[in-house]
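Reading the structure
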Amino acid sequence: MKKWLSLLCALLMLLGCLPAFAEAAPTTPKYVFLFIGDGMGNPQVAATQYYEGTLANPDSAVPVPAQLSFTQFANLGMVTTYDASSFCPDSASTATSMASGEKTLSGVINYNTELSASFKLITEYAKDAGKKVGVISSVSIDHATPAAFYAKVQSRKQYYDIATQGLTGTTLDFLAGGGFLKPDGDGVQQNLFEIAKENNWNFVSTNDDIRALNAASGRVLAISPDLQDSQAMTYEIDRERLVKAGKDILSLADFVSAGINVLDNDNGFFMMCEGGKIDWSGHANDAATSIHETKALSDAVQVALDFAADHADETLILVTADHETGGMTIGFATTAYDTHFGYLANQTISFTDFDTMIASMRDSKATFEEALEQIEACYGLTTKADQALTLNETELASLKSAYELSMLGEEERVLGESEEYLYGGYEPLSMAISHIINNKAGLSYTSYAHTGLQIPVYAQGVGAEAFSGLYDNTDIFSKTMAVMGLVK
Ligand SMILES: [Zn+2]
């Protein structure tokens, strides 16, 4: 009797802890979002928080940073970004590391350093596991970062080959944002849109069609009808100005919404979304434009967060960068311990759009005084006395010499080392203006290139805790594989 009793007790105890065993099975995320702010280091994130906080609290006597959609994530990591060429890597090699877990040379996408073998990608593993795959970028969709999530080429400049691999391959279900840099290759190759058609892509390029996309839309190639420079989407600072003036221009967030509508299915999806122009504005040392780009990425992440709210225990959201661009810093020699983020709200235009205005000034042989009027209208910098953005003599002199150079055609300009240092190969007048307004706000840049700063990783959702701590960018691949239950 006693024997049966103890047996029964043991059985009951075993039954009691069964749920614990059931609970132990790690859940894997059905939906995975990887957001990459190209060139978005900690300084870019902090500057955007401080800018938004300043605008939201104009009368506050103390600094009040705002939260971005991803700065509230519970899990925060930091990654090293060096590649096989340098501590200051490029977007091709760093995206390769995140997409395949491997180090390679700057400029190479998913090939080893000998350029002899290519790597298998997280998107391919996700596809093998039955998930749908989407790639979005605010720059051209054949650019280094998006390319690394669907193509393998020995040089990031093989834009036609990259696009062809994406359109003829089986990895992608959604490819969207900017356009193609080489739609006809070297001019005699088959047009990419013809190739897309032959491979049953549903190509859409109007705002209404993009907003109307849904799960029945098939494999979708969606390109914004409003492309600005180099087949990229419009800078957010320009988009806001133009939308205020009545235009309808899609944002990065709109493409994330469209992507979710197209990709959602019972097996879930993997989506990579790049905010590519944080990098471009960083190269051009245009702080205000970089801040608006970072905000646009935050808005795009918010769309994923809203989706996750309805898919609580089945979504993972990662937000990171490939490297920092420009060596942005908060704090400058002439402003010492002060910052004036509000000053940047006077800027309503990107360096790219202002370059267009400079070109028409050049054509119309505008005087320096006329140029100053445009500068005041677009940046707030003024010759009027006793204003927050009054130009001092030194600033006026640097504007004048930059104006004189910019009024010359490119072929007439004599650019030496000092001009290289002052303007970094960009339009001298735009660069001089950006430097002046940055510095008045208390910001500055050390470079026109990428830097070696370590990069944050913000993680929220299923398996997010795996992304805390300090590790290497190749571990973003291995951690994501592990959390998704994918095996190399
Ligand atoms: Zn770059």
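As the structure is a computational prediction, the values presented were derived from the model and not from experiment.

Within the chain, the regular secondary structure consists of 18 helices and 13 strands. Judged by the C-alpha coordinates and their principal axes, the chain covers about 105 × 60 × 45 Å. Intrachain contacts of the chain at a sequence separation of at least 6 include 74% that bridge at least 24 residues. Accessible surface for the chain amounts to roughly 20500 Å². Of this, 55% is attributable to carbon and sulfur atoms. Separation of charge centres in the chain, based on 29 positive and 61 negative side chains, amounts to 8 Å.

Here we come to the domain arrangement of the chain. Looking at the assigned domains, one finds that the chain contains domain 1 (31-327 + 449-484) and domain 2 (330-444). When each unit is reduced to the centre of its C-alpha atoms, the spacing between domain 1 and domain 2 is 30 Å. The partner domain 2 presents 19 residues to the 24 residues of domain 1 that form the contact. When residues of domain 1 are sorted by the area they lose upon contact with domain 2, Tyr-51, Ala-284 and Asn-285 head the list and together hold 24% of the total. For the pair domain 1 and domain 2, the number of links is 1 salt bridge. Arg-241 is the partner of Asp-353 in a salt bridge, and the nearest nitrogen-oxygen pair spans 2.8 Å. Our count for the contact surface shared by domain 1 and domain 2 stands at 8 residue pairs in polar contact (both at pLDDT 80 or more).

Before going further, it helps to spend a moment on unusual backbone geometry. At Asn-285, a residue that is not glycine, the phi angle is positive and equals roughly 50 degrees. For Asn-285, the position within the fold is in the loop between α11 (277-283) and α12 (287-309). Classification of Asn-285 by relative accessible area gives buried; the value is 2%. Non-glycine residue Asp-386 carries a positive phi angle of around 55 degrees. For Asp-386, the position within the fold is in the loop between α14 (368-379) and α15 (393-406).

Right, let's get into the environment of Thr-325. With respect to the helices, strands and loops of the structure, Thr-325 is situated in strand β8 (residues 315-325). With relative accessibility at 0%, the residue Thr-325 sits in the buried group. Within the local environment of Thr-325, its side chain forms a polar contact with the side chain of Asp-279, the two groups lying 2.6 Å apart.

Basis of the calculations
- Each chain carries its own residue numbering, running from 1 in the written order of its sequence.
- Per-residue local features are limited, in this predicted model, to residues with pLDDT of at least 70; the limit for side-chain atom pairs, both in listing and counting, is 80 or more; totals at the level of whole chains, interfaces and linings are taken over all residues.
- The basis for every side-chain value is the complete set of non-hydrogen atoms in the structure, without hydrogens or water.
- The helix and strand labels rest on DSSP assignments: H or I over at least four residues marks a helix, E over at least two residues marks a strand, and numbering proceeds from the N terminus.
- Contacts between residues were defined by any pair of non-hydrogen atoms, one from each residue, lying within 4.5 Å.
- Method for areas: the Shrake-Rupley scheme with a 1.4 Å probe, in which residue coverage is limited to the protein chains shown.
- Note on charges: Lys and Arg go in the positive column, Asp and Glu in the negative column, and His and the chain ends are not counted at all.
- Here the site of a charge means NZ on Lys, CZ on Arg, CG on Asp, or CD on Glu.
- Start and end points for every domain follow an automatic or database-based domain assignment.
- Buried area: the sum, over both parts, of the accessible surface (1.4 Å probe) that disappears when the two are put together.
- One side-chain nitrogen of Lys or Arg within 4 Å of one carboxyl oxygen of Asp or Glu is enough to make a salt bridge.
- Any pair of N or O atoms that falls within 3.5 Å is considered a polar contact. Within protein, one atom must be able to donate a hydrogen and the other to accept it, and sequence-neighbouring residues count only if both atoms are side-chain atoms.
- We call a residue buried when its accessible area falls under 20% of the maximum for its residue type, exposed when it is over 50%, and partly exposed in between, using a 1.4 Å probe and counting protein chains only.

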